[in-house]
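A structural walkthrough
Below are the chains, spelled out letter by letter.
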Amino acid sequence: MDKAIIKAHKISDEEYARILEFLGREPNLLELGVISAMWSEHCSYKSSKKYLSGFPTEAPWVLQGPGENAGVIDIGKGYAAVFKVESHNHPSFIEPFAGAATGVGGIMRDVFTMGARVVAGMNSLKFGDIHDAKYAPLHKYLLRGVVSGISHYGNCTGVPTVGGECGFDACYNGNILVNAFALGVCKIEELFYAKAEGVGNSVIYVGSKTGRDGLGGAVMSSESFNESSKALRPTVQIGDPFSEKLLMEACLELFKSDFIIGIQDMGAAGLTSSAFEMAGRSGSGMRLELDKTPMREEGMTPYELMLSESQERMLICAKKGYEAEVVKIFEKWGLDAVVMGEVTDTGKMELFWHGELVGCLPIAPLSENAPILDRPVREPGYLAGLGDYKFELKLSPNELLKRILKNENANNKAFIYEQFDATVQTNTLKADGALGASVIRVKENGAALAMAVECNASLSYVDARLGAAYNVAAVGRKITCAGARILAISDCLNFGNPQNPEVMWQFAKSCEGIKEACRALNAPVVSGNVSLYNESEGVSIHPSPTIVGVGLLENAEDTLKSSTNESGVCFYLLGRTQGAFAASLAAKVQDGKVAGSLRALDYAAELALWNLLFEANQKHLLECALSVGSGGVALALAKIIALSKRGGIFENPFENEALLFDESPGRAIVGVRDEGFLTLARNWGVRACRLGVSTEEEAFTLGSITLSKKELERLYFESFREQIL
């Protein structure tokens, strides 16, 4: 085969030699396209798989860990929560509205493919420097497009977007991040899996018709950006949320029957990945008649049909004899449903076009035994001397807090979340904007699920291992501050070019940190995604592992809020303040630095804090709680008062005023209803330091910091809208 064609399909010489070995011949163009998609970084995880083994994935409440479309945990009384976070970074940079919208649609399908109704969505968004004259116009445009795409798809499908986070840094100037999360609920007995087994069982295509949109999307997402990337717009899929809604309802109706064996979303690499993954997991073969594919464009070829990433499509393995019943359900919902193949025992994917065999590939080498690369690793050179940075307060605490409140990495993102419908389905108890974790009610069992997302890339930049661990701990702390116990996490590992040894070092260390933290904090990883090649013109993003945690509160009425409307509520700082300013927001705002040395996490102290918060909430001793993170005690208290209907007078508990902006892990601020809380804190060995009380006065005072409530609210609530418009 022509070397230029092989190169265009991103197949290396070593990989092509392996293809010749297992095929025993040259592949044709269709076969090469299929192999290219299945062996792409996006589908095969060939650079990252080496480091993904060893994640803690099991616990008594884990029903399904990594390996399926989404992870599943037991949430009591016969019900399960199904969830996953995934990236749509490259498509969103090329075409922000469509890229973000289809990212939301894709993650929803991963969840309802498992048999669960999608009940909540969240997101983690990263953009470039909105103050740089060169990049600001682009990233303001990208932000508006991404947010519009997310809100359009989520709102139209009737799924509440209940939370998320949004950050800005120059490292994302050439490559934004759009990570989408979805969570669904179903009965445990109604869970479905992606498999195609039973010789003679039928393979049925359902959903929307196939077009040429999204061609080569998986391959495109597996390479870096350059000047020619603008020509990749045709590789971005176009979604239709109304078709998605119909597809979800049809699938949920189908799942109540006993007609099918398995089901798989046609996501990245479309029909190729869904067919190979279903057959591969079952050790089966498959025969597909591609000319039967529902098409919306004329003249489509087998190559295009196998690699199209048109949205809102599924592949079903149905029991022999029940095909008509399956087709009837989807036709009722106005969707295509066509029997286009069957399960075989050959272990091969046989592709036919009008009766002619046009492709024949063994399944296992593509789905189960894709190449695993052992890329070189090297500690990044920029780390030399980075740990020497020491923070010293140069501004007055009053001025520094003002600057932090105005900073786009700290201020309120109402401009974003007000575009999302957070209340549809009437289960939302705590949404984006209310601080900390988001919470939804599970009407079926009276429980509540708390969800939190964290992607602090500055921490990972200065220490990839500890930074990732800090993110895991922060998610668990947020969930605990909402009254729940964390049960599991899903991760989306966003990194630069894996061909750069320094990037692979960052990836390896980040995986170590997640494994360490998840084991210590008893929070198994049940699903996830890897996004590499987040690089533009040779510049990689900072390591950006996104962690999403899900926790359970058995009684939804015990949900703990993050602010108060009462005066006289006494506030305490819990945990130890250690003078931690590495990669802090204060260092970035005051000195323009992302530097310093992270302290080791004290997992025992973290767990003691979580246990204290959980027990105190169960005993109704707390009015509110908020994890202390970026911006330290000063920002956390300021946010609480900004959201409360009362002011607050607080003492500075530190001799050094700089410690008001310290970001030591393992801390929270609580509003206490009952002084019996202090006895409980002593029992758990958690330090509790009195800060002050909420008051009737329209002011916020913290030591030498004094702001009127009106100015505090203006800085916090209005700054972002002014910056982005």
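Residues numbered from 1 in each chain as written. Predicted model: local features only at pLDDT ≥ 70, side-chain atom pairs only at ≥ 80, totals over all residues. Heavy atoms only, no water.

1. Things to note about the overall build of the chain
- Looking only at helices and strands, one finds 24 helices and 28 strands in the chain.
- In terms of overall dimensions, the chain is globule-like: its C-alpha atoms have a radius of gyration of 26 Å, near the 27 Å expected for 725 residues.
- In terms of overall dimensions, the chain has C-alpha extents of about 80 × 50 × 45 Å along its principal axes.
- Counting all 725 residues of the chain, 64% fall into the buried class.
- Across the chain, the fraction of contacts at a sequence separation of at least 24, relative to all contacts at a separation of at least 6, is 85%. (Helix = DSSP H or I, 4+ residues; strand = E, 2+ residues; numbered from the N terminus. Rg over C-alpha atoms; globule rule 2.2 N^0.38 Å. Buried < 20%, exposed > 50% of the residue type's maximum accessible area, 1.4 Å probe, protein only. Contact = heavy atoms within 4.5 Å.)

2. What to know about the sheet that holds strand E5 (residues 161–168)
- Spatially, the six strands line up as an open sheet ordered E1-E2-E3-E6-E4-E5, and their pairing is mixed. Each edge of the sheet is formed by a strand with only one pairing partner; in this case those strands are strand E1 (62–64) and E5. Within the sheet, the average angular offset between the axes of one strand and its neighbour, ignoring direction, is 20 degrees.
- Two elements, strand E3 (residues 79–87) and strand E6 (residues 177–187), share nine bridges in a ladder whose sense is antiparallel. Paired with Tyr79 across the bridge in E6 is Lys187.
- Sitting on the sheet, helix H8 (residues 136–157) touches strand E4 (117–127), E5 and E6, and the angle it makes with E4 is about 175 degrees. (Pairing = 2+ DSSP bridges. Axes fitted to C-alpha atoms, helices over the stretch in contact; angles between N-to-C directions.)

3. Thoughts on the sheet that holds strand E21 (residues 544–553)
- Reading across the sheet, the six strands line up as E14-E15-E16-E21-E17-E18 and stay open at both edges, with mixed pairing between neighbours. At either margin of the open sheet sits one strand with a lone partner, and together these are strand E14 (428–430) and strand E18 (525–531). Strand after strand, the sheet turns through a mean of 20 degrees between neighbouring axes, direction not considered.
- As judged from the two bridges shared by E14 and strand E15 (residues 438–442), these two strands associate in the antiparallel manner. Note that in E15 the partner of Lys430 across the bridge is Val439.
- Taken strand by strand, helix H18 (residues 464–480) contacts strand E16 (447–454), strand E17 (485–494) and E21, and its axis lies near 150 degrees from that of E16.

4. Focus: the pairing of strand E11 (residues 336–344)
- Two elements, strand E7 (residues 202–207) and E11, share six bridges in a ladder whose sense is antiparallel. Looking at the pairing, Val206 lines up with Ala337 of E11.
- As defined by bridge partners, strand E9 (residues 285–289) adjoins E11 across four bridges and the pair is classed as antiparallel. By the bridge assignment for E11, Arg287 is matched with Glu342.

5. Side note on the packing of helix H15 (residues 397–406) against helix H22 (residues 632–643)
- In contact at an axis separation of 10 Å, H15 and H22 are set at 65 degrees when each is read in the N-to-C sense. Taken as a pair, H15 and H22 cross one another with a handedness that is right-handed. Contacts from Leu401, Ile404 and Leu405 in H15 reach Ala634, Leu635 and Ala638 in H22.
- When the residues that make up the contact of H15 with H22 are grouped by side-chain class, the tally is six nonpolar, no polar and no charged. (Left-handed = near helix turned anticlockwise from the far one by under 90°. Nonpolar A, V, L, I, M, F, W, Y, C, P; charged D, E, K, R; others polar.)

6. Side note on unusual backbone geometry
- In the Ramachandran plot, Tyr45 falls in the positive-phi region, its phi being about 55 degrees despite a non-glycine side chain.
- Following the sequence through the fold, Tyr45 ends up in the loop between helix H4 (41–44) and helix H5 (49–52).
- Its relative accessible area of 19% is what places Tyr45 among the buried residues.
- We note that Gln425 has phi near 80 degrees; this positive angle belongs to a residue other than glycine.
- Turning to its location among the elements, Gln425 is positioned in the loop between helix H16 (414–417) and E14.
- Classification of Gln425 by relative accessible area gives partly exposed; the value is 23%.

7. So, H22
- If you check H22, its first and last C-alpha atoms are 17 Å apart, about what twelve residues at 1.5 Å a residue would give, namely 16 Å.
- Counting buried positions along H22 yields eleven of twelve residues, so the element is predominantly enclosed.
- Buried within H22 are the following residues: Gly632, Val633, Ala634, Leu635, Ala636, Leu637, Ala638, Lys639, Ile640, Ile641 and Ala642. (Expected span 1.5 Å × (residues − 1).)

8. Observations concerning the pairing of strand E10 (residues 313–318)
- Within E10, six of the six residues are buried, which leaves it mostly tucked inside the rest of the structure.
- Across the two faces of E10 the burial is the same, with Arg313, Leu315 and Cys317 and Met314, Ile316 and Ala318 all buried.
- Strand direction decides the pairing type here: strand E8 (residues 260–265) and E10, joined by five bridges, are antiparallel. Counterpart to Ile263 in the pairing with E10 is Ile316.

9. Remarks on the packing of aromatic side chains
- Within this structure, the stated rule accounts for 14 aromatic pairs.
- With a centroid separation of 4.3 Å and 0 degrees between ring planes, the pair formed by Tyr382 and Tyr461 is classed as stacked. In this pair, Tyr382 sits in the loop between helix H14 (364–367) and H15 while Tyr461 sits in helix H17 (residues 457–462), placing the two residues 79 residues apart along the sequence.
- We classify Tyr382 as partly exposed; its relative accessible area is 26%.
- Among the residues examined, Tyr461 registers a relative accessible area of 17% and is labelled buried.
- For the ring pair Phe391 and Phe581, a centre distance of 4.6 Å and an interplane angle of 15 degrees mean the geometry is stacked. In this pair, Phe391 sits in the loop between H14 and H15 while Phe581 sits in the loop between strand E22 (570–574) and helix H20 (585–591), placing the two residues 190 residues apart along the sequence. The residues Phe391 and Phe581 share a single accessibility class, namely buried.
- These aromatic residues form a ring-pair network of at least three members: Phe127, Phe168, Phe415 and Phe720. (Phe/Tyr/Trp six-rings, centres within 6.5 Å; stacked < 30°, edge-to-face > 60°.)

10. Re a nonpolar patch on the surface
- A surface patch of nonpolar side chains, about 220 Å² in accessible area, is lined by Met1, Ile5 and Leu29.
- Under the relative-accessibility criterion, Ile5 is labelled partly exposed at 34%. (Patch = residues over 30% accessible without salt bridge, like charges linked within 9 Å, V, L, I, M, F, W, Y side chains within 5 Å. Areas by Shrake-Rupley, 256 points an atom, 1.4 Å probe, with all protein chains shown as cover. Salt bridge = Lys/Arg side-chain N within 4 Å of Asp/Glu carboxyl O.)

11. Considering the side chain of Glu312
- Tracing the chain through its elements places Glu312 in the loop between helix H12 (302–307) and E10.
- An unpaired buried charge is present at Glu312: no salt bridge exists, and Arg109, the closest side chain of opposite charge, is 4.1 Å distant.
- There is a polar contact of 2.5 Å between the side chain of Glu312 and the side chain of Tyr153.
- Ignoring anything within four residues of it in the chain, the contact list for Glu312 reads Arg109, Tyr153, Val206, Gly207, Ser208, Gly239, Asp240, Ser243, Glu244 and Leu247. (Lys, Arg positive; Asp, Glu negative; His and termini not counted. Polar contact = N/O pair within 3.5 Å; in protein donor to acceptor, adjacent residues only side chain to side chain.)

12. What about the pattern of salt bridges?
- By the definition in use, this model includes 35 salt bridges.
- Its salt-bridge partner being Lys209, residue Asp336 comes within 2.9 Å of it at the nearest N-O pair. With Asp336 in strand E11 and Lys209 in the loop between E7 and helix H9 (217–220), the pair connects residues that are 127 residues apart, well separated along the chain.
- Notably, a salt bridge pairs Lys478 with Glu454, separated by 2.6 Å at the nearest N-O pair. You can see Lys478 sitting in helix H18 and its partner Glu454 sitting in strand E16, a full 24 residues away along the chain.

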